[in-house]
Amino acid sequence: MHRIIEARVVNDLLGSEVPQPTYSTPWSAAMDLRACVSEPVTILPGQRQLIKTGLAVNMQDPGLVAIVASRSGLSLNHGVRVAQGVGVIDADFHGEIGVILANDGTTSYIVTPGDRIAQLMFQPVVQVDLSFVDEFSTETIRGEGGFGHSGKS
């Protein structure tokens, strides 16, 4: 499925000195977000840093959400990840997308202008109304078992 989402450049570096977000391959699920910074930013071990992307989006659909996810190579090779696990961008947010990066590594990590820092994925959303009950109407095999209840393998 292919949709058109309005995008706006909110930092003049994006599109001139910093490449605009793109999919790396035709089958990529997410596009690469890049650091839209004018000079290198150092993230010390144990530190978090907000890195701007120069990009704002207008999904025009309350049934969509944009998800900011870590890049596996940054996490594996440098211990750098999206700080909150995943970032959620609601359909009605029109501001610049910022990525909070956390350095779990043992050495400082330097983000340079244009570095690929995260991935941006668009997903469908279903809002629900909660109906509070004393007991659930159906049972499952798993029940309340969690946190490894189903086994290691």
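Residues numbered from 1 in each chain as written. Predicted model: local features only at pLDDT ≥ 70, side-chain atom pairs only at ≥ 80, totals over all residues. Heavy atoms only, no water.

1. Some points on the sheet that holds strand E8 (residues 80-82)
Point 1. The sheet built from three strands is open, its strands ordered E5-E10-E8 with antiparallel pairing. Of all strands in the sheet, those with a lone pairing partner are strand E5 (48-52) and E8, marking the two edges. Neighbour to neighbour, the strand axes of the sheet diverge by 35° on average, direction disregarded.
Point 2. Where E5 and strand E10 (residues 98-103) come together, five bridges link them in antiparallel fashion. Bridge pairing in E10 places Gln-49 opposite Leu-101. (Pairing = 2+ DSSP bridges. Helix = DSSP H or I, 4+ residues; strand = E, 2+ residues; numbered from the N terminus. Axes fitted to C-alpha atoms, helices over the stretch in contact; angles between N-to-C directions.)

2. Some thoughts on unusual backbone geometry
Point 1. Within the chain, Gln-60 stands out as a residue other than glycine whose phi angle is a positive 55°.
Point 2. By secondary structure assignment, the location of Gln-60 is in the loop between strand E6 (55-58) and strand E7 (64-69).

3. Section: the nonpolar core
Point 1. Formed by 30 residues in total, the largest nonpolar core has its most connected members in Val-68, Val-111 and Leu-120.
Point 2. Mapped by element, the contributors of at least two residues to this core are strand E3 (31-34), strand E4 (41-43), E6, E7, E8, E10, strand E11 (109-111) and strand E12 (116-124).
Point 3. Excluding its chain neighbours within four sequence positions, the residues that come into contact with Leu-120 are Ala-30, Met-31, Leu-33, Leu-55, Ala-66, Ile-67, Val-68, Ile-89 and Ile-97. (Core = buried A, V, L, I, M, F, W, Y, C linked by side-chain atoms within 4.5 Å. Buried < 20%, exposed > 50% of the residue type's maximum accessible area, 1.4 Å probe, protein only. Contact = heavy atoms within 4.5 Å.)

4. Digging into the environment of Gln-60
Point 1. For Gln-60, a relative accessible area of 54% corresponds to the exposed category.
Point 2. A C-alpha to C-alpha distance of 7.7 Å links Gln-60 and Ile-5, two positions 55 residues apart in sequence.
Point 3. Among the polar contacts listed, one links the side chain of Gln-60 to the side chain of Glu-6, at a separation of 3.4 Å. (Polar contact = N/O pair within 3.5 Å; in protein donor to acceptor, adjacent residues only side chain to side chain.)

5. Digging into the sheet that holds E7
Point 1. Taking strand neighbours across the sheet as the criterion, the five strands line up as E2-E3-E12-E7-E9 in an open arrangement whose pairing is antiparallel. A strand with exactly one partner marks an edge of an open sheet, and here the two such strands are strand E2 (22-23) and strand E9 (86-90).

6. Description of a negative patch on the surface
Point 1. There is a patch of like negative charges on the surface, built from Asp-134, Glu-135, Glu-139 and Glu-144.
Point 2. Topologically, Glu-135 is positioned in the segment after E12. (Patch = residues over 30% accessible without salt bridge, like charges linked within 9 Å, V, L, I, M, F, W, Y side chains within 5 Å. Areas by Shrake-Rupley, 256 points an atom, 1.4 Å probe, with all protein chains shown as cover. Salt bridge = Lys/Arg side-chain N within 4 Å of Asp/Glu carboxyl O. Lys, Arg positive; Asp, Glu negative; His and termini not counted. Charge placed at Lys NZ, Arg CZ, Asp CG, Glu CD.)

7. A short note on the pattern of salt bridges
Point 1. The full count for this structure, using the stated rule, is four salt bridges.
Point 2. The shortest N-O distance in the salt bridge between Arg-3 and Asp-61 comes to 2.8 Å. Taken together, the positions of Arg-3 in the segment before strand E1 (6-9) and Asp-61 in the loop between E6 and E7 put the pair 58 residues apart, joining distant regions of the chain.
Point 3. Salt bridges linked by common partners bring Asp-32, Arg-71 and Arg-116 together as one network.

8. Topic: a nonpolar patch on the surface
Point 1. Taken together, the side chains of Val-126, Val-128, Leu-130 and Phe-132 present a nonpolar region at the surface, about 540 Å² in accessible area.
Point 2. Along the chain, the position of Val-126 falls in the segment after E12.

9. Examining the side chain of Asn-58
Point 1. Mapped onto the elements of the fold, Asn-58 is located in strand E6.
Point 2. Look at Asn-58 and you get buried, because its relative accessible area is 17%.
Point 3. Within the structure, the side chain of Asn-58 is placed 3.4 Å from the backbone nitrogen of Gln-60, a separation counted as a polar contact.
Point 4. A distance of 3.0 Å separates polar atoms of two side chains, one belonging to Asn-58 and the other to His-94.
Point 5. Those residues in contact with Asn-58, other than ones at most four positions away along the chain, are Ile-5, Glu-6 and His-94.

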